[in-house]
Amino acid sequence: QLQLVESGGGLVQPGGSLRLSCTASGFALADYHIGWFRQAPGKEREGVSCISSSGSRTNYADSVKGRFAISRDNDKNTVYLQMNNLKPEDTGIYYCAARGNWRSYCSSTPSDYAPWGQGTQVTVSS
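Residues numbered from 1 in each chain as written. Predicted model: local features only at pLDDT ≥ 70, side-chain atom pairs only at ≥ 80, totals over all residues. Heavy atoms only, no water.

Enquirer: Looking at this structure, I do not really get the pairing of strand β3 (residues 18-25). What am I missing?
Expert: In summary, the side chains of a regular strand alternate between the two faces of the sheet. Both strand β1 (residues 3-7) and β3 contribute to a ladder of 5 bridges, which runs antiparallel. When the sheet's bridge partners are listed, S7 is paired in β3 with S21. In this structure, β3 lies alongside strand β8 (residues 78-83), joined through 6 bridges in antiparallel fashion. Bridge pairing in β8 places L18 opposite M83. (Pairing = 2+ DSSP bridges. Helix = DSSP H or I, 4+ residues; strand = E, 2+ residues; numbered from the N terminus.)

Laid out in structure tokens, this is it:
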């Protein structure tokens, strides 16, 4: 069974940091590009960042450039999202999703990804 599990979310004050993890089971993460998405209450799911299967290419939404960093350790079957200088508008449920490496490495369209994790809540508030 192909499965992704996110962890690392929580409550943090503005300006704080969190590191999210996305761990795969049932398949080799090295064969997949990974995207991180987030969804705030009442809003559509949006792409945050993506990384190619080898880790050589990354991409970020303008809203998180310079604050977030995506990385991966294929030996651990895990992708990370380091989030620094968090802002209240970063609040939402964060999801990771996989995209086969025979396709282009990044897409902002959620339907281009499968499988998905269950999500982890990130709340930025004082």
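Enquirer: Where do I start with the nonpolar core in this structure?
Expert: The nonpolar side chains of soluble globular proteins are, as a tendency, buried together. Counting 26 residues, the largest nonpolar core has L4, W36, F68, V79, L81, M83 and Y94 as the members making the most contacts within it. Of all the secondary-structure elements, those providing two or more residues to this core are β3, β4 (32-39), β5 (46-51), β7 (68-73), β8, β9 (92-100) and β10 (120-124). Tallying contributions element by element places β3 first for this core, with 4 residues. Once you skip the residues sitting within four places of it in the chain, V79 turns out to touch L20, S21, C22, L29, I34, W36, I51, I70, S71 and R72. Core analysis: the second largest hydrophobic core is formed by 5 residues, F37, C50, A97 and Y113 among them. (Core = buried A, V, L, I, M, F, W, Y, C linked by side-chain atoms within 4.5 Å. Buried < 20%, exposed > 50% of the residue type's maximum accessible area, 1.4 Å probe, protein only. Contact = heavy atoms within 4.5 Å.)

Enquirer: Which parts of the structure should I look at to understand the state of the cysteines?
Expert: Where two cysteines share a covalent bond between their sulfur atoms, that bond is called a disulfide. Scanning the model with the defined rule gives 2 disulfides in all. Between the sulfur atoms of C22 and its disulfide partner C96 the distance amounts to 2.1 Å. Its torsion about the S-S bond being 75 degrees, the disulfide of C22 and C96 is classed as right-handed. Of this pair, C22 sits in strand β3 while C96 sits in strand β9, and the two are 74 residues apart along the sequence. Taking relative accessible area as the criterion, C96 reaches 0% and is therefore assigned buried. The disulfide partner of C50 is C106, and the S-S distance across this bridge is 1.7 Å. A torsion of -90 degrees about the S-S bond marks the disulfide between C50 and C106 as left-handed. Remark: C106 occurs in the loop between β9 and β10 and C50 occurs in strand β5; sequence separation between them is 56 residues. (Disulfide = S-S within 2.5 Å.)

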